[in-house]
Amino acid sequence: MTTSRTTDRRLAGAADKLLFTPGPLTTSRTTKQAMLRDLGSRDVEFIDIVREVRKGLLEIGQCASTHEAILMQGSGTFGIESVVSSAIPKGGKLLVVVNGAYGKRIVRMAEIHGIERVVQTYGEDALADVAAIEAALAKDAAITHVAMVHSETTTGLVNPIEQVGRVVRAAKRIFIVDAMSSFGAIPIDVDRSAIDYLVSSANKCIEGVPGFSFVIARREPLVASEGGARSLSLDLHAQWKGLENDGQFRFTPPTHAILAFHQALKELADEGGPAARGARYRACQQKLTSGMQAIGFSAYLPPGLQGPVITTFRYPAHPRFAFDAFYEKLSRRGFAIYPGKLTHADCFRIGTIGRIFEGDVVNLLAAIRDVLAELGVDSASPG
Ligand SMILES: *Cc1c(COP(=O)(O)O)cnc(C)c1O
């Protein structure tokens, strides 16, 4: 593994940093190589690949008999906005559960599209409360849809979507899940979790390259949503119909990104599927957290809420610690980390998603120790 990894890096270009970020992510050399072709949008081979990709996504979600997979051009946000702006009919009302920046983004979409909404807000270090969601649905009969984020990449927290799904289904409402940074690494039984619309994107846990998002939609509400879109390009039902009718996209498809994704799906299966990939991310996340704690950093989330894809660390209280310098010096050593996104605490984030292995984490930790010494932060007494 170490040898192929080194070769992988060398061929990728020694100048490429390892991306310990929430995206774009480090991808395998073979995934990048799969893009070295030019296929036309009507090419039979391309159309077959699109079909295989859509089938592969339903297999990962274990929901081929109940759901449809729809690819949508653009980053993950485009996929979420496609669902929010297409699936909620005029007169519908959306309950958004918020415990981070990505939940807030869904609220913003509803505002822009003039969708009536109610927001249930939690602290960024607090799980969504299933009983409170159940109570909100019982109290307000006008709510037709519920949206929440599975893995809140703002902090790394993982929300209890299965339990929430159960109460949403029991209350006969439609459940929309942003599974951007979980699908492919945290096993999700889409039908059993009562998810009607799941959204993720090419360059998260499946480790493709950026360029499109995908929606896994329950057939019934999808069919019923026909004609309800508030935008032309993000019309989910029309996109689905296009793919179903002649296998083509309505507008220029991200051909290269789909070729890379097709290869990335094979590599996910070779690794052993979502459970095995999640185990790799989890092992990296644990190695990272224990190493950071040994250096003196403290994680923002309690371990019980911490997911495998990204970890938020508090700035150390040391007066010589400055995030920009810390970031720059790590970057010069070949490691990209990520700033924080919290409202109330000074933090930075380190991702363990993408083509990252435990050995890479060990190297990152060594670089962090060096950089702290260079900054004169002897022991990072946590703040
Ligand atoms: C990455 C991510 C998104 C989408 O972000 P894009 O920059 O549009 O790809 C949405 N939600 C979550 C939880 C994410 O991690």
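This structure is a prediction, so every number in the text was calculated from the model and none was measured. (Residues numbered from 1 in each chain as written. Predicted model: local features only at pLDDT ≥ 70, side-chain atom pairs only at ≥ 80, totals over all residues. Heavy atoms only, no water.)

Caption draft 1: Geometry of the overall build of the chain. In terms of regular secondary structure, the chain is built from 13 helices and 14 strands. The C-alpha radius of gyration of the chain comes to 21 Å, within 12% of the 21 Å expected for a compact globule of 383 residues. Counting only C-alpha atoms, the chain reaches 60 × 50 × 30 Å along its principal axes. Per-residue burial for the chain yields a buried fraction of 57% across its 383 residues. Long-range pairs, those at least 24 residues apart, make up 72% of the contacts in the chain between residues at least 6 apart in sequence. Element-wise, carbon and sulfur atoms account for 53% of the exposed surface of the chain, whose accessible area totals about 15,600 Å². Treating the 43 positive side-chain charges of the chain as one cloud and the 40 negative ones as another, the clouds have centres 2 Å apart. (Helix = DSSP H or I, 4+ residues; strand = E, 2+ residues; numbered from the N terminus. Rg over C-alpha atoms; globule rule 2.2 N^0.38 Å. Buried < 20%, exposed > 50% of the residue type's maximum accessible area, 1.4 Å probe, protein only. Contact = heavy atoms within 4.5 Å. Areas by Shrake-Rupley, 256 points an atom, 1.4 Å probe, with all protein chains shown as cover. Lys, Arg positive; Asp, Glu negative; His and termini not counted. Charge placed at Lys NZ, Arg CZ, Asp CG, Glu CD.)

Caption draft 2: Layout of the pairing of strand β5 (residues 145-149). Across the 5 residues that make up β5, a large majority, 5, are buried. Here strand β3 (residues 93-98) pairs with β5 via 3 bridges, running parallel. When the bridges of β5 are listed, L95 appears paired with V146. Bridging between β5 and strand β8 (residues 174-178) involves 5 bridges; their strand directions are parallel. Bridge pairing links M148 to V177 in β8. (Pairing = 2+ DSSP bridges.)

Caption draft 3: The arrangement of the site of the ligand in detail. Taken together, S75, G76, T77, Y102, R105, V149, S151, T153, D178, M180, S181 and K204 form the complete shell of residues around the ligand. Between the ligand and K204, the relevant distance is 2.8 Å, taken from an oxygen atom to a side-chain nitrogen or oxygen of the residue. Relative to its free-state accessible area of 380 Å², the ligand is covered by the protein chains to the extent of 84%. Its atoms largely coinciding with the cavity grid, the ligand occupies the largest pocket. Every element with two or more residues in the shell around the ligand is listed here: α4 (76-87) and α5 (101-112). A per-class count over the shell around the ligand returns 3 nonpolar, 6 polar and 3 charged. (Near = heavy atom within 4 Å. Polar contact = N/O pair within 3.5 Å; in protein donor to acceptor, adjacent residues only side chain to side chain. 1 Å grid on protein atoms, 1.4 Å probe; cavity = no way out; pocket = protein on both sides within 12 Å on 5 of 7 lines; lining within 4 Å. Sits in = over half its atoms within 2 Å of the grid points. Nonpolar A, V, L, I, M, F, W, Y, C, P; charged D, E, K, R; others polar.)

Caption draft 4: Inspection of α5 at higher detail. Over its 12 residues, α5 extends 17 Å from the first C-alpha to the last, a length consistent with the 16 Å expected when each residue adds 1.5 Å. If you check which residues of α5 are buried, you get A101, Y102, G103, I106, V107, M109 and A110. Buried residues belonging to α5 abut α4, β3, β4 (116-121), β5, β6 (151-152) and β8. (Expected span 1.5 Å × (residues − 1).)

Caption draft 5: The sheet that holds strand β9 (residues 197-201), seen in detail. Strand order in this open sheet of 7 strands is β2-β10-β9-β8-β5-β3-β4, and the pairing throughout is mixed. In the strand order of this sheet, the two ends are held by β2 (67-73) and β4, each with one partner. Averaged over neighbouring strand pairs, the angle between their axes works out to 20° when direction is ignored. As defined by bridge partners, β2 adjoins strand β10 (residues 212-218) across 7 bridges and the pair is classed as antiparallel. Bridge assignment links A69 to a residue of β10, and that residue is I216. (Axes fitted to C-alpha atoms, helices over the stretch in contact; angles between N-to-C directions.)

Caption draft 6: Spatial organisation of the environment of Y315. Relative to the helices and strands, Y315 is located in the loop between β11 (310-314) and α12 (323-332). Between the C-alpha atoms of Y315 and D346, which are 31 residues apart in sequence, the distance is 5.8 Å.

Caption draft 7: Spatial organisation of the environment of V223. For V223, the location among the structural elements is in helix α8 (residues 219-224). With 78 residues separating them in the primary sequence, V223 and H145 have C-alpha atoms 16 Å apart. With sequence-adjacent residues up to four places away left out, V223 is seen in contact with H237 and W240.

Caption draft 8: Region of interest: the nonpolar core. One finds L57, F183 and I206 to be the most contacted residues of the largest nonpolar core, which totals 76 residues. Tallying contributions element by element places helix α10 (residues 255-271) first for this core, with 8 residues. Not counting chain neighbours up to four residues away, the residues in contact with F183 comprise L57, I60, G61, I188, L198, S200, C205, I206, F214 and I216. Counting 27 residues, the second-largest nonpolar core is a separate cluster that includes M292, F335, I337 and L364. (Core = buried A, V, L, I, M, F, W, Y, C linked by side-chain atoms within 4.5 Å.)

Caption draft 9: Structural view of the domain arrangement of the chain. When its domains are assigned, the chain resolves into domain 1 (2-21 + 273-375) and domain 2 (38-269). Measuring from the centre of the C-alpha atoms in domain 1 to the corresponding centre in domain 2 gives 28 Å. Across the boundary between the two partners, domain 1 contributes 25 residues, which contact 27 residues of domain 2. In total, domain 1 and domain 2 occlude about 2,000 Å² of area from one another, counting both sides; carbon and sulfur atoms represent 57% of this. Put simply, domain 1 and domain 2 have 3 salt bridges between them. (Domains from an automatic or database assignment. Buried area = accessible area lost by both parts, 1.4 Å probe. Salt bridge = Lys/Arg side-chain N within 4 Å of Asp/Glu carboxyl O.)

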